[in-house]
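As a plain string of letters, each chain reads:
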Amino acid sequence: MSKGNLSKIDNLGRIVIPKSIRKALNIEHNDEISMYVENESLIIKKGHRVCSLCGSKEIKHQIGTKFICNICVQNIKDL
Ligand SMILES: [Zn+2]
């Protein structure tokens with residue numbers, strides 16, 4: 001029986017991605033990953049999420065399933 005990939009979050013909010021998962025996804029030291037919430041689950045993906053409005057990689061906000069950068073948030077506030 002498999003024990004699955006159960007991890008605990010440490011006091012700084014960190015988790016370890018198990019070696020088997022890193023190997024399966026070809027994730028290596030210093031690779032960039034993105035994290036977001038979808039359907040009440042934490043999704044961790046290799047690479048960048050980009051701003052839904054301008055394509056920037058500097059994502060600061062998630063609204064529903066969309067990602068928005070600070071510049072676009074400021075532009076919306078200024079409307
Ligand atoms: Zn943007």
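**Structural notes on the overall build of the protein chain**
- Looking only at helices and strands, one finds two helices and four strands in the protein chain.
- When the helices and strands of the protein chain are read in sequence order from the N terminus, they spell out α-β-β-β-β-α.
- The C-alpha atoms of the protein chain give a radius of gyration of 16 Å, which is well past the 12 Å a tight globule of 79 residues would have.
- Overall, the protein chain is about 55 × 25 × 25 Å in size when its C-alpha atoms are taken along their principal axes.

**Here we look at the environment of Asn70**
- Within the secondary structure, Asn70 sits in helix α2 (residues 70-77).
- With 13 C-beta atoms packed within 10 Å, Asn70 lands in the partly exposed category.

**Focus: the pairing of strand β2 (residues 41-46)**
- The buried count for β2 comes to zero of six residues, which makes it a mostly uncovered element.
- As defined by bridge partners, strand β1 (residues 33-38) adjoins β2 across six bridges and the pair is classed as antiparallel. Directly across from Met35, in β2, lies its bridge partner Ile44.
- Joining the antiparallel neighbours β1 and β2 is a turn of two residues, in which Asn39 adopts a positive phi near 50°.

**Quick word on unusual backbone geometry**
- Here the phi dihedral of Asn26 falls at roughly 55°; this positive angle occurs in a residue that is not glycine.
- Within the secondary structure, Asn26 is located in the loop between α1 (19-24) and β1.
- Asn26 gets classed as exposed once you count the C-beta atoms within 10 Å, which come to 8.

**Regarding the confidence of the model for the protein chain**
- Predicted confidence across the protein chain gives a mean pLDDT of 87, with 95% of residues reaching 70 or more.
- β1 is the least confidently modelled element of the protein chain, averaging 85 in pLDDT, while α2 averages 95, the highest of any element.

**A few points about the environment of Gly55**
- Along the polypeptide, Gly55 turns up in the loop between β2 and β3 (59-63).
- With 9 C-beta atoms packed within 10 Å, Gly55 lands in the exposed category.
- Sequence separation between Gly55 and Cys69 is 14 residues, and the spatial gap between their C-alpha atoms is 8.6 Å.

Calculation notes
Residue numbers here run from 1 along each chain, matching the order of that chain's written sequence. Local features in this predicted model are restricted to residues of pLDDT 70 or higher, and side-chain atom pairs are both shown and tallied only at a pLDDT of 80 or more, whereas totals for entire chains, interfaces and linings draw on every residue. Going along the chain from the N terminus, every DSSP run of H or I of four or more residues is numbered as a helix, and every run of E of two or more is numbered as a strand. The atom set for the radius of gyration is the C-alpha atoms, and the globule formula is 2.2 Å times the number of residues raised to the power 0.38. To sort residues by exposure, count the other C-beta atoms lying within 10 Å of each residue's C-beta; 20 or more gives buried, 12 or fewer gives exposed, and values between give partly exposed, all with C-beta atoms placed from the backbone. Paired strands are those between which DSSP finds at least two bridges. On a scale of 0 to 100, pLDDT captures the predictor's confidence in every residue.

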